[in-house]
Amino acid sequence: MAKNQNEEMDLEQEEMTVTLTLDDGSEVECVVLTIFEAGDRDYIALLPTEGAEADEGEVYLYRYTEINGTPDIQNIESDEEYEIVADA
């Protein structure tokens, strides 16, 4: 059975969000902008939904993997790796 156009549009408009817990214990809700490949790894770009970072359009970049089907993000460890990811 085919989906109607309105159903498809609603699904496309849904935003996937992630709640990050920062080093200071605070939480930031972010919209997933994209998951992309740079070099030989996958990365995720997240946009905060509130606060100064959201107002300035600051994007968070993390390594992205899936472990047994569960998404996992890790910090980017070096300036060199960050530059590669930011350029991508």
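Higher on the page you've got the structure.
Residues numbered from 1 in each chain as written. Predicted model: local features only at pLDDT ≥ 70, side-chain atom pairs only at ≥ 80, totals over all residues. Heavy atoms only, no water.

Looking now at the overall build of the protein chain. A tally of regular secondary structure across the protein chain gives three helices and five strands. Tracing the protein chain from N to C terminus, the helices and strands come up as α-β-β-β-α-β-β-α. A total of 88 residues make up the protein chain; the buried ones form 23% of that total. Sequence-distant contacts, at least 24 apart, represent 20% of the contacts inside the protein chain between residues at least 6 apart. For the protein chain, the exposed area adds up to about 6,800 Å²; of that, 43% sits on carbon and sulfur atoms. (Helix = DSSP H or I, 4+ residues; strand = E, 2+ residues; numbered from the N terminus. Buried < 20%, exposed > 50% of the residue type's maximum accessible area, 1.4 Å probe, protein only. Contact = heavy atoms within 4.5 Å. Areas by Shrake-Rupley, 256 points an atom, 1.4 Å probe, with all protein chains shown as cover.)

Attention now goes to the sheet that holds strand E1 (residues 17–21). Pairing between the strands of a sheet comes from backbone hydrogen bonds, and it takes one of two forms, parallel or antiparallel. Here five strands make up an open sheet; going across it, the order is E1-E2-E3-E4-E5 and the pairing antiparallel. With one partner strand each, in any of the chains shown, E1 and strand E5 (70–74) form the two edges of the open sheet. Neighbour-to-neighbour, the strand axes of the sheet open up by a mean angle of 50°, direction not taken into account. By the bridge criterion, eight bridges tie strand E2 (residues 27–38) to strand E3 (residues 41–48) in an arrangement that is antiparallel. The residue of E3 that forms the bridge with Ala38 is Arg41. Its contacts with the sheet put helix H3 (residues 79–87) on E2, E3 and strand E4 (60–67), and the angle it makes with E4 is roughly 95°. (Pairing = 2+ DSSP bridges. Axes fitted to C-alpha atoms, helices over the stretch in contact; angles between N-to-C directions.)

Turning our eyes to something else, we now look at the nonpolar core. Grouped together as the largest cluster of nonpolar side chains are nine residues: Leu20, Val28, Cys30, Val32, Ile44, Leu46, Tyr60, Tyr62 and Tyr64. Among the elements of the structure, E2, E3 and E4 are those that each provide at least two residues to this core. Sequence-distant contacts of Tyr60, that is, excluding residues within four places in its chain, are made with Leu20, Val28, Cys30, Ile44, Ala45, Leu46, Pro48 and Glu53. In this structure, Ala38, Leu61, Ile76 and Val85 belong to the second largest nonpolar core, which totals seven residues. (Core = buried A, V, L, I, M, F, W, Y, C linked by side-chain atoms within 4.5 Å.)

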